There are 2 protein chains.
Amino acid sequence: MSSTTTSLKIGVLGGGQLGRMMIQSAIDFNLDIAVLDPDPNAPCRPLVADFTEGSLKDFDTVYTFCKGKDVVTIEIEHVNVEALKKAASEGVKVFPQPEIIALIQDKRKQKTFYKAQRIPTADFVLTDSRQDVRAHHAFLPAVNKLGKEGYDGRGVQVIRTKQDLEKAFDQPGLLEKLVDFECELSVIVARNERGETKTFPVVELSYHPEQNLVEFLFAPANISSEMETKAAALAVDVIEKLDMVGLLAVEMFLTSEGEILVNEIAPRTHNSGHQTIEANVTSQFEQHIRAILNWPLGSTDAVSPSVMVNVLGEDGFSGKAKYQGIDELMAMDNVHIHLYGKKLTKPFRKMGHITLLDSDMESLKKKARIVKETLKVIA
Amino acid sequence: MSSTTTSLKIGVLGGGQLGRMMIQSAIDFNLDIAVLDPDPNAPCRPLVADFTEGSLKDFDTVYTFCKGKDVVTIEIEHVNVEALKKAASEGVKVFPQPEIIALIQDKRKQKTFYKAQRIPTADFVLTDSRQDVRAHHAFLPAVNKLGKEGYDGRGVQVIRTKQDLEKAFDQPGLLEKLVDFECELSVIVARNERGETKTFPVVELSYHPEQNLVEFLFAPANISSEMETKAAALAVDVIEKLDMVGLLAVEMFLTSEGEILVNEIAPRTHNSGHQTIEANVTSQFEQHIRAILNWPLGSTDAVSPSVMVNVLGEDGFSGKAKYQGIDELMAMDNVHIHLYGKKLTKPFRKMGHITLLDSDMESLKKKARIVKETLKVIA
């Protein structure tokens, strides 16, 4: 950050909770941030003077938004890449780079990239239609993923049997061998323009059995230091092979054979890094800002073990959000509540998250269950 | 926080850095915050949808601002108390209570309150004019304080000799015996409506020799645990005797005889609590919110020793602020930068603060000196 940093104009595509927490962190650096989002009630809306209501997928809207910005970044990858390419060609710094966003928008390209770059990942075949998936029944049990537009658990389903094949996606996608994994891990890695990289400690993800959404996150992951090193090195390898600037979340499987496979990547701040706000020296949100502005990256050291609990809209409730049980949570020590300012709830919508800190992981896990049972978002 | 909290309307009188950091913390709780400040470029301005530009001292402006709010609080005590009293009489919750703000606006009333309540404080006499101060020359060496309108070191001066008497304030004020102190301490204490109180650990303040502004803050203070207990108990005693709801900063002298005397109090978040953002489980800003909304108070436990350095405008520079040396600071581990978004700098203006964390206080102190020398705010 030079003496002129505070006059930089930064544009963020997307106004959801990831943008909101980034802006919350950016307040400390006097940054001038503008946000584009189609929802006039987006979580970022009340926090920025410069909010544009508009489509993230429309070329003109995105291009016009980027004009006059010094740096443009994203908090969701479903954006118009062509507009970003044009803005970048005219001198706007776009991080992550548009080509990387394009790669990640399409899970087919993502997987093909891993294969070409010898990045370990589950075996797969590309499929164009339901018909096509059916033809690969020898590949089962497998995970069927839509190529595009998947998000927050949508566009991903398990196909175990021939019967399941009936529900296969009838659009371009892929079929991936179901991995027999010990646990799911995530490493968030940052890289700035000068090529400096830093990884956050490996975390372990526990998914909601039905919704394919992270329910609990445990930091650090309960794995050997050898596996930690391997996972961190893999994350660095991926971001370097992408030649990417910004923050990259690398979700991985640790298999029963001690192999680590890349599952999916996201070129932005990520649900698997929310605990860094309290549990690490630098938060993922500050690290993202440091990376895209080419500042020195901050220390990622953990200051405490932690568990993160996603606060999801209760099944069966839609409408104006009400929060039950928060009083009880507020009375618990070292329980940090983050609500995302969403006015409306719906089943399994991400409404907030809670981070718990404690030196002992077992008591953390117990407390996390209590937190989960205590807090309900209803309408 | 009940299920309806997020529809509470909160008004803040003052839009400076204290309000800004409170809003930054309040983002996590979906609170609807409005700010009143005379400066259209106030640090809070870009962070709130509802900003009113107007005088904090004008009855009508303050009263109109309070109308329709559920809770009103302050981040500066120089506000129209009569308007707050009227709003409170009409059902708006005003914390700290207007009567307490009135008491604290006038150092003469403050000192008289300590005396009446047997709260230990330095001996003093009330003075109405320079003439009056002169008449008390037997009281020297002493500190001459203006009754009203002092802030950030203004309105306070040391009168050592008869010669110094020439510069005595020619307005109602007081003359206070110069205390032979070992160190200056501060305890921030919170109290909610149900009477729950919690103190932050005692910190030690090191003042700039000329400007009477905090230059460094050390947490924890280098004092015995007996003195810690005594200081904390004194802070609780003061807030209970005031019957105050909110956050109270109690600045104290530890004398060479091991006595603790109350120096000054501020009924709001305070410069001596900025390190709590990183160094304590709950920050003073969140604690203030918890107190005024009658939520359970958060744990004040320290997670690490810390030093806070105020970032003051460099002497000799006025105009559009530029920050020299921030790049170097960004490269130092566990150095947390907070800039206040002030467009213009002037000599000794508070432009930001920096918090350093480390397990060893001696290396922290060395690093703080380096930080101080590295960062310059010029124009």
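Residues numbered from 1 in each chain as written. Chains lettered and ligands numbered in written order. Predicted model: local features only at pLDDT ≥ 70, side-chain atom pairs only at ≥ 80, totals over all residues. Heavy atoms only, no water.

Concerning the overall build of chain A
Per the secondary structure count, chain A includes 11 helices and 22 strands. For 379 residues, the compact-globule estimate of 2.2 N^0.38 gives 21 Å, and the C-alpha radius of gyration of chain A, at 20 Å, lies within 12% of that figure. The principal-axis extents of the C-alpha atoms in chain A amount to approximately 60 × 50 × 45 Å. Across the 379 residues in chain A, those meeting the buried criterion constitute 61%. At a minimum sequence separation of 6, the contacts of chain A that also span at least 24 residues come to 63%. A gap of 4 Å separates the mean positions of the 44 positive and 53 negative side-chain charges of chain A. (Helix = DSSP H or I, 4+ residues; strand = E, 2+ residues; numbered from the N terminus. Rg over C-alpha atoms; globule rule 2.2 N^0.38 Å. Buried < 20%, exposed > 50% of the residue type's maximum accessible area, 1.4 Å probe, protein only. Contact = heavy atoms within 4.5 Å. Lys, Arg positive; Asp, Glu negative; His and termini not counted. Charge placed at Lys NZ, Arg CZ, Asp CG, Glu CD.)

Overview of the interface of chain B and chain A
On the chain A side, the residues contacting the 35 residues of chain B number 35 residues. Linking chain B with chain A are 0 salt bridges. Taken together, chain B and chain A are joined by 17 residue pairs in polar contact (both at pLDDT 80 or more). For the side of chain B that touches chain A, the elements supplying multiple residues, two or more each, are α1 (17-26), β18 (322-324), α10 (326-330) and β19 (335-339) of chain B. (Salt bridge = Lys/Arg side-chain N within 4 Å of Asp/Glu carboxyl O. Polar contact = N/O pair within 3.5 Å; in protein donor to acceptor, adjacent residues only side chain to side chain.)

Observations regarding the packing of aromatic side chains
This structure, assessed with the given rule, holds 10 aromatic pairs over all chains. For the pair Phe59(A) and Tyr63(A), a centre-to-centre distance of 5.9 Å together with 15 degrees between the ring planes defines the contact as stacked. Separated by 4 residues within a single helix, Phe59(A) and Tyr63(A) lie in helix α2 (residues 59-66), roughly one turn from each other. Pairing Phe29(B) with Trp295(B) gives two aromatic rings, centres 5.1 Å apart and planes at 65 degrees, and the pair type is edge-to-face. Of this pair, Phe29(B) sits in the loop between α1 and β2 (32-37) while Trp295(B) sits in the loop between α9 (284-292) and β16 (306-312), and the two are 266 residues apart along the sequence. The ring of Phe65(A) carries Lys69(A) above its face, with NZ or CZ at 4.4 Å from the centroid. Positioned above the aromatic ring of Phe218(B) is the side chain of Lys365(B), whose terminal nitrogen or guanidinium carbon lies 4.5 Å from the ring centre. (Phe/Tyr/Trp six-rings, centres within 6.5 Å; stacked < 30°, edge-to-face > 60°. Lys NZ or Arg CZ within 6 Å of the ring centre and 35° of its normal.)

A look at the pattern of salt bridges
Residue and element names in this part refer to chain A. For the structure on display, the rule yields 34 salt bridges over all chains. Between Glu264 and Lys107 there is a salt bridge whose closest N-O contact spans 3.5 Å. Taken together, the residues span a long stretch of sequence, with Glu264 in strand β15 (residues 260-266) and Lys107 in helix α5 (residues 107-116) at a distance of 157 residues. In this pair, the class of Glu264 matches that of Lys107, namely buried. Overlapping salt bridges, with partners in common, bring together Lys107, Lys111, Lys145, Glu176 and Glu264 in one network.

Quick look at the relation of the copies chain B and chain A
For these two chains of identical sequence, chain B goes onto chain A by a turn of 180 degrees and a shift of 0.0 Å along the axis, with RMSD 0.0 Å. Accordingly, the operation relating the two chain copies is best matched by a two-fold axis. Across chain B, the rotation axis passes nearest the C-alpha of Leu47(B), at a separation of 2.4 Å. Same-surface contact between copies: 100% of interface residues of chain B are shared with the interface of chain A. (Least-squares fit on C-alpha atoms with pLDDT ≥ 70 in both.)

Remarks on unusual backbone geometry
Here Phe95(A) and Pro96(A) are connected by a cis peptide whose omega angle stands at 0 degrees. With respect to the helices and strands, the residue Pro96(A) is situated in the loop between β5 (93-94) and α4 (98-105). Of note, the amide linkage connecting Leu140(A) to Pro141(A) takes the cis form, showing an omega dihedral of -5 degrees. Mapped onto the secondary structure, Pro141(A) falls in the loop between α6 (130-135) and β7 (142-146). At Asp243(A), a residue that is not glycine, the phi angle is positive and equals roughly 55 degrees. Along the chain, the position of Asp243(A) falls in the loop between α7 (225-242) and β14 (246-255). Its identity as a non-glycine residue notwithstanding, Phe348(B) has a phi of 65 degrees, on the positive side. Its location among the elements puts Phe348(B) in the loop between β20 (344-345) and β21 (350-357).

Some remarks on the sheet that holds strand β5 (residues 93-94) of chain B
Residue and element names in this part refer to chain B. Read from one edge to the other, the open sheet built from 5 strands follows the order β3-β2-β1-β4-β5, with strand pairing classed as parallel. Since the sheet does not close on itself, it has two edges, and those belong to β3 (50-53) and β5, each with one partner. Note that β2 and β3 share 4 bridges and pair parallel. Residue pairing for β3: Leu36 is matched across the bridge by Thr52. Its contacts with the sheet place α1 against β1 (9-13), β2 and β4 (71-74), and it is angled at close to 170 degrees to β2. The strands touched by helix α2 (residues 59-66) are β1, β2, β3 and β4; relative to β2, the strand with the most contacts, the crossing angle is about 175 degrees. (Pairing = 2+ DSSP bridges. Axes fitted to C-alpha atoms, helices over the stretch in contact; angles between N-to-C directions.)

A look at the packing of α4(A) against α5(A)
Residue and element names in this part refer to chain A. Two elements in contact, α4 and α5, have axes separated by 5 Å at closest approach and are oriented at 105 degrees. By the angle class used here, α4 and α5 are roughly perpendicular. Two secondary-structure elements touch here, α4 through Ala102, Leu103, Ile104 and Gln105 and α5 through Lys107, Lys109, Gln110 and Phe113. Class assignment of the residues belonging to the contact of α4 with α5 gives a composition of 4 nonpolar, 2 polar and 2 charged. (Parallel < 35°, antiparallel > 145°, perpendicular 65-115°, else oblique. Nonpolar A, V, L, I, M, F, W, Y, C, P; charged D, E, K, R; others polar.)

Focus on the pairing of strand β19 (residues 335-339) of chain A
The two faces of the sheet receive side chains in turn, since in a regular strand these alternate between them. Residues and elements named next belong to chain A. Within β19, 5 of the 5 residues are buried, which leaves the element mostly enclosed by the surrounding structure. As paired elements, β19 and strand β21 (residues 350-357) share 5 bridges and run antiparallel to each other. Its bridge partner lying in β21, Val335 is registered against Leu356.

Brief notes about the side chain of Lys69(A)
All names here are of chain A. In this structure, Lys69 sits in the loop between α2 and β4 (71-74). No salt bridge is formed by the buried Lys69; the nearest opposite charge belongs to Asp50, separated by 4.8 Å. Within the structure, Lys69 has its side chain in polar contact with the backbone oxygen of Phe65 (distance 2.8 Å). Ignoring anything within four residues of it in the chain, the contact list for Lys69 reads Lys9, Ile10, Gly11, Ala34 and Val92.

Here we look at the state of the cysteines
All names here are of chain B. Within this structure, the stated rule accounts for 0 disulfides over all chains. Here Cys66 stays free of any disulfide, with the sulfur of Cys44 as its closest cysteine sulfur at 16 Å. A relative accessible area of 0% places Cys66 in the buried class. (Disulfide = S-S within 2.5 Å.)

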